[in-house]
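Residue-level listing of the chains:
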Amino acid sequence: MFLAPLFLIGLLAAGVPLLLHLRRTRRVKNVLFSTTRFFDERFVQSSRRARFQDVLVMLLRVGLITLFVLALAQPLFRLPGLAALAGGKRTVAIVIDDSASMAATGAEGSSLDKAKRGAMRIIDDLSPLRGDRATLILAGRRESGVRVLFPDPSNDAEALRDAVRQIEPTDLAGDIPSAVDQARQIIGAPAATPQNGAGSGGAGAREVYVFSDMQASGFGEGEAVSGGLNTSVVFVACDAAAGGVADNISVDAIQYGTSRPMVGVPFTFAALVTNHGRRERVIEARLLIDDQVVAHKPITVSPGRGRLVRFVHRFAKPGWHPGRVEIGPDPAADAKSVIDAVTADDRRHFAVHVEQKASILAIDGAPSSVPVKDELFFLRVALAANTDVASPAADRAAIEVTTLTPEQITPDRLKPHALVVLANVGPLNAAALEALEHYVDAGGNLFITCGDHTTPSASAPWSSQGRLHGGLLPGRLTQIVGESAAAEDAAGIIGSVADEHPALAGFADGRFGLLTGVTFRSRIRFDAPPESVLMRTADGDPLLAEKRFGRGRVLLFGSTIDRDWTNFPLQPAYVPWLYRIVGYCVQPSLSDAGFVAAGRVVALPSSTTQTESLQVVEPDGTASAAIPGRPSAQRVTPPLEFTATEHAGVYRVRSATDGADTPPRYLFSVNIPGDESEPTRFDKEALSTAMSPDTTWSYADGPDAAVEVGQVARQGLGLWDQLLLAALLVAVFEPWLANRLSRRRLQAEPDAMSRRDAGPSTPHKPERSAA
Amino acid sequence: MPTAPTKYLDPAALARLRNLGLAARLVVEGLFSGQHRSPHRGYSVEFAEHREYTPGVDPRHLDWKILAKRDKLYVKQYEEQTNLRCYLLLDSSASMGYRHSGAISKFEYGCFCAASLAYLMQTQHDAFGLITYDRAVARHIPPRQGKGHLRVVLDTLEAARPAGDTDLAGTFHQLAETMKRRALVVVISDLFSGPGGADELLESISHLRHKRHEVVVFQVLDRAELQFPFDDATQVEDMETGRRVSADPATLRNEYLKKLNAYIDAVRMGCRSREVGYALADTSEPFEMFLGNYLSHRASITA
């Protein structure tokens, strides 16, 4: 049979060379000629050979067209007995895309409903008596791995049906390649390459059915989908909204005006609303805090463009506040309750911790009676400034700085402060060091800046492996580079900034000031793990690094916080940089996970000195216990992790021992991944670009065709590649032969008359004239 | 010799005249237009008869004695003795009947050539004879002169039809033995004769030369024989032997022309080495042009 039989019409073209040949050969003329004395037998034989070659060329041309047309028609060589010969059993993996886009609704229900309907048909087509088995895999992008509902393929059709019925839409992104790969491993298909791992394989047909809306983002970027060898992969398009997703409009991101909201201080939320459609949209954007609409405004978003919507809110109470920005129809222009088929991305959640007043403790390692020479002079000045451009009327410094000397460090003095700054502090006594370790482990934050007192030798105990969590420092200090009297940039300049980090976001593009003018006369080189480095010099040396330490964290800056080793305090970027660093630190350590993409694993900071059990209350009120994560080289003590982040909303973290009325310890928000809002869908042609060449796959337009396409894929052997190859070979050989023949024929012999004048035809001199 | 004619007679048009004599006269008069009389005059050796004088007759031939006796003008006529005897050997085999797309066959072309030459001979009071042959001599008219003889020759040509196969060499050997008196032998043929090839033919021509005959060979070929313009699949049937050859025409053409050219070259070179005149005629070109070119060329080398 043929997958594209319409192309067979092209076989008519194969008759053209045949007709031309027949017309030419049938037009044989019987010529009465004066003599055949010049036609000897050898020549007649050569003529027979030429006639044979003519037939051969004609056959090649017919064959070329036939092969090409057949290849276009995609013939499938059906072997009904193949499955029986292989044992007859079917091992089926049903992959259902449960990503957020599958909730898109059309006239026939949601895309997920269509997918479930198709999956049911596949299950109905299984024969438990024959030994058919199936597994069920959800293709939502989960950091913890693809969710497999049946780790071992089951022949219990009813259990499979129940599992399908219970599948609900999530707010995840899609991850088809991982799901197919997981399916391949479960059904025992050998991998295309040995290193990919391979199941031992079992007898019978192996089939993978992928029910998805074919959203392009679900196939990743440049990641080939491989179903392994001897496995047929059937993609079943289940897009209920069809053209409806083209009008999708979404809230893609929320930015905070500052990193630290304070009671009574106006705080800015900036929401990025993107119109993925092709027409201009007028909608209403709303800000909700603690489930109350506190602001709303109509906005107009041009097609294909994003629009930043700013809301300013003044928090009245300290503590955690959940909230969200959502979009909906403009009441004045549109009365519909939904604005597009994909509603999951019409809101974005957040959770902010509002401080009554931030208080930080600064340990001055190099105090001076001259204010400008004091190590903390620039820090105090910078933190006294107000950088909240959205609230120019703010009339007070929100950060209160308390100063101590290193000798004054005690646990009680540390505890009230959200952040301790060690500014060019020399060797610490054991009690002070231990107090700092316990302070950070319990959730405190430490910002260490270097200088002539914080030398590699002085700080050696801070990074000793024998200390708690391997020592406070993110990296061991190794060497002082340059000196204070050296040239301005003797120790280098800033080379790179981890602009994806919440403390430094915005510095890469200069929105908060350029870091390019910052030079270092001296600095301390330290060796931090690459993933913990937030800033580097142009030489690649770490300049700012972060380390999780229990429930708290430590930031290490490789130069001074004042002008001793650098001109940084004199640069415009210093104030916002310091403000962001301090603001980042004074927030609970979960704040960098304030925006968690659905499906990500959330690490919940926990103290090793305080054994505790944490619970996470999901948006729907379900409480789940966090589980310890895997230990790593950087983290000897694994944090508690929470993996069930499948639904968007605000998650509350609390101690299992807390009472119901106790406020949550902290909150984090989970949102739909941004790429899930992309309306681009793969059709069959686009899908071919995402498939691994070693994979035999087919495509069904809808769930109703899944069973039939699966049968074809199971019983058939696609021959189009081989036909195309054969056509290519013929296409190469035919011109060569035709050219050879025509060249031989075109070597025309001049006729005798043309040679008459040039030839030796001069008559002899007659003996006597005749006339 | 006259200059080359400025206007040629279309062979096909001449063929439509159905009058060989008229056609031959048109050709010859075209050839010698402007010429008052033949530069070759015979000399009288023997008295034949008296004839009444008519104006225009050369007064030198007046018989003055009869004028004195009877007061009447008579002229004396003599038995003229020509200085040339010519045999026109016309091939009448079946292959000579070939014509492709033109209106005239090789045989008809040869007839016109022979008739023209005969007319020319007659006007010059030369003796001419005609021999038609295929496998053997079909018709033999001994050389004579005079208009009456011309009529006989023309009637013979008109009555002749190409048929049968050819044995040129055998015929020429036979004629060499039978033609006792030295003569000009004009062979008009396509020279397609059996499988013997050019050597056998040239040997027989050598035999004629050995008998001190002057030999001129006019090889008459159709344009299709010279070019083989068949493009479609072709089955060739030999007009003499009936042999059939099916072949790819393009391949056939090259092989055929190669061998034909080799044969013509061999004949041409053989004639040259034997001091035999040779000319190749294409039936599609006017034969007075062919004859004129040949005769003028011949005159130029005999001058």
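Residues numbered from 1 in each chain as written. Chains lettered and ligands numbered in written order. Predicted model: local features only at pLDDT ≥ 70, side-chain atom pairs only at ≥ 80, totals over all residues. Heavy atoms only, no water.

A. A look at the overall build of chain A. For chain A, the count of helices and strands is 14 helices and 36 strands. Sequence-distant contacts in chain A: of pairs separated by 6 or more residues, those separated by 24 or more amount to 76%. Of the roughly 33800 Å² of accessible surface on chain A, 54% is carried by carbon and sulfur atoms. (Helix = DSSP H or I, 4+ residues; strand = E, 2+ residues; numbered from the N terminus. Contact = heavy atoms within 4.5 Å. Areas by Shrake-Rupley, 256 points an atom, 1.4 Å probe, with all protein chains shown as cover.)

B. Examining the packing of aromatic side chains more closely. According to the stated counting rule, one finds 28 aromatic pairs over all chains in the structure shown. Taking the centre distance of 6.3 Å and the plane angle of 65 degrees together, the rings of Phe269 of chain A and Phe315 of chain A count as edge-to-face. Of this pair, Phe269 of chain A sits in strand S11 (residues 266–275) while Phe315 of chain A sits in the loop between strand S14 (306–314) and strand S15 (319–329), and the two are 46 residues apart along the sequence. Judged by its relative accessible area of 0%, Phe269 of chain A falls in the buried class. For the pair Tyr133 of chain B and Phe172 of chain B, a centre-to-centre distance of 5.8 Å together with 70 degrees between the ring planes defines the contact as edge-to-face. Placement of the pair is Tyr133 of chain B in strand S4 (residues 127–133) and Phe172 of chain B in helix H6 (residues 168–178), with a sequence separation of 39 residues. Considered together, Tyr133 of chain B and Phe172 of chain B belong to a single accessibility category, that of buried residues. Site record: aromatic cluster; members linked through ring pairs are Phe33 and Phe38 of chain A together with Tyr98, Phe192, Phe228, Tyr256 and Tyr263 of chain B. Above the face of the Phe311 of chain A ring, Lys297 of chain A is positioned so that its terminal group lies 5.3 Å from the ring centre. (Phe/Tyr/Trp six-rings, centres within 6.5 Å; stacked < 30°, edge-to-face > 60°. Buried < 20%, exposed > 50% of the residue type's maximum accessible area, 1.4 Å probe, protein only. Lys NZ or Arg CZ within 6 Å of the ring centre and 35° of its normal.)

C. Representation of the sheet that holds strand S18 (residues 399–404) of chain A within the structure. Residues and elements named next belong to chain A. Strand order in the open sheet made by the eight strands is S18-S17-S19-S20-S26-S25-S24-S22, with mixed pairing throughout. A single partner strand is all that each edge strand has here, and the edge strands are S18 and strand S22 (494–497). Pairs of neighbouring strands in the sheet enclose a mean axial angle of 20 degrees, with direction left out of account. Pairing of strand S17 (residues 358–364) with S18, which is carried by six bridges, proceeds in the parallel orientation. When the bridges of S18 are listed, Ser359 appears paired with Glu400. (Pairing = 2+ DSSP bridges. Axes fitted to C-alpha atoms, helices over the stretch in contact; angles between N-to-C directions.)

D. Representation of the nonpolar core in the model. In terms of nonpolar packing, the biggest core is built from 44 residues, with Leu89, Phe172 and Val217 of chain B touching the most fellow members. Among the elements that line this core, the one with the most residues is helix H9 (residues 249–273) of chain B, at eight residues. Contact partners of Leu89 of chain B, with chain neighbours within four places excluded, come to Ile131, Tyr133, Phe172, Leu175, Val185, Val186, Val187 and Ile188 of chain B. Within the second largest apolar cluster, 41 residues are counted, among which are Ala423, Leu515, Leu555 and Phe568 of chain A. (Core = buried A, V, L, I, M, F, W, Y, C linked by side-chain atoms within 4.5 Å.)

E. Representation of the sheet that holds strand S6 (residues 184–189) of chain B in the model. Residue and element names in this part refer to chain B. An order of S5-S4-S3-S6-S7-S10 is seen for the six strands of this open sheet, with the pairing classed as mixed. Both edges of this open sheet fall to strand S5 (137–144) and strand S10 (277–282), since each of them pairs with a single strand only. Within this sheet the neighbouring strands show an average axis-to-axis angle of 15 degrees, counted without direction. Relative to S5, S4 runs antiparallel, the two being bridged by five bridges. Looking at the pairing, Ile131 lines up with His140 of S5. The sheet strands contacting helix H4 (residues 106–123) are strand S3 (85–91), S4, S6, strand S7 (214–221) and S10, and the helix crosses S3 at an angle near 170 degrees. Sheet strands in contact with H6 are S3, S4, S5 and S6, and its direction is about 145 degrees off that of S4.

F. Local environment of the pattern of salt bridges. Residue and element names in this part refer to chain A. This model, assessed by the stated rule, comprises 36 salt bridges over all chains. Its salt-bridge partner being Asp539, residue Arg523 comes within 3.8 Å of it at the nearest N-O pair. With Arg523 in strand S23 (residues 522–527) and Asp539 in the loop between strand S24 (533–537) and strand S25 (542–549), the pair connects residues that are 16 residues apart, well separated along the chain. What you see here is one network of salt bridges that share partners, running through Glu284, Arg286, Asp291, Arg324, Glu326 and Arg347. (Salt bridge = Lys/Arg side-chain N within 4 Å of Asp/Glu carboxyl O.)

G. The arrangement of the packing of helix H7 (residues 377–384) of chain A against helix H10 (residues 574–586) of chain A in detail. All names here are of chain A. At a minimum axis separation of 9 Å, H7 and H10 run at an interaxial angle of 85 degrees. If you check the angle between H7 and H10, you find them roughly perpendicular. Between H7 and H10, the residues in contact are Phe378, Leu379, Ala382 and Leu383 and Tyr574, Val575, Leu578, Tyr579 and Val582, respectively. When its residues are assigned to classes, the contact of H7 with H10 shows nine nonpolar, no polar and no charged. (Parallel < 35°, antiparallel > 145°, perpendicular 65-115°, else oblique. Nonpolar A, V, L, I, M, F, W, Y, C, P; charged D, E, K, R; others polar.)

H. Spatial organisation of a nonpolar patch on the surface. Residue and element names in this part refer to chain A. A grouping of Phe7, Phe68, Leu72 and Leu724 is seen on the molecular surface, where their side chains present a nonpolar patch of about 350 Å² in accessible area. Tracing the backbone shows Leu72 in helix H2 (residues 41–73). Leu72 gets classed as partly exposed once you look at its relative accessible area, which sits at 33%. (Patch = residues over 30% accessible without salt bridge, like charges linked within 9 Å, V, L, I, M, F, W, Y side chains within 5 Å.)

I. Structural detail: the pairing of strand S9 (residues 231–237) of chain A. All names here are of chain A. Judged by how many residues are buried, S9 sits mostly within the fold: seven of seven residues are covered. Burial along S9 is two-sided: the residues Thr231, Val233, Phe235 and Ala237 and Ser232, Val234 and Val236 are all buried. As paired strands, strand S8 (residues 205–212) and S9 are joined by seven bridges and run parallel to one another. Residue pairing across strands places Phe211 opposite Val236, the latter belonging to S9. Note that S9 and strand S35 (residues 696–700) share five bridges and pair parallel. Across the sheet, Val234 pairs through a bridge with Ser698, a residue of S35.

J. Expanded view of helix H7 (residues 197–210) of chain B. All names here are of chain B. With 14 residues, H7 extends 20 Å between its outermost C-alpha atoms, agreeing within 8% with the 20 Å of an ideal straight helix rising 1.5 Å per residue. Among the residues of H7, those classed as buried are Gly197, Ala198, Leu201, Leu202, Ser204, Ile205, His207, Leu208 and Arg209. Count one or two residues on from H7 and you reach Arg212, which has phi positive near 70 degrees. (Expected span 1.5 Å × (residues − 1).)

K. View of helix H6 (residues 176–187) of chain A. All names here are of chain A. The end-to-end C-alpha distance of H6 is 16 Å, a good match for the 16 Å that twelve residues give at a rise of 1.5 Å each. Every buried residue of H6 is accounted for by Ile176, Pro177, Ala179, Val180, Ala183, Arg184, Ile186 and Ile187. For H6, the elements touching its buried residues are strand S3 (90–96), strand S6 (133–138), strand S7 (147–148), S8 and S9. Gly188 sits one or two positions beyond H6 and adopts a positive phi of about 80 degrees.

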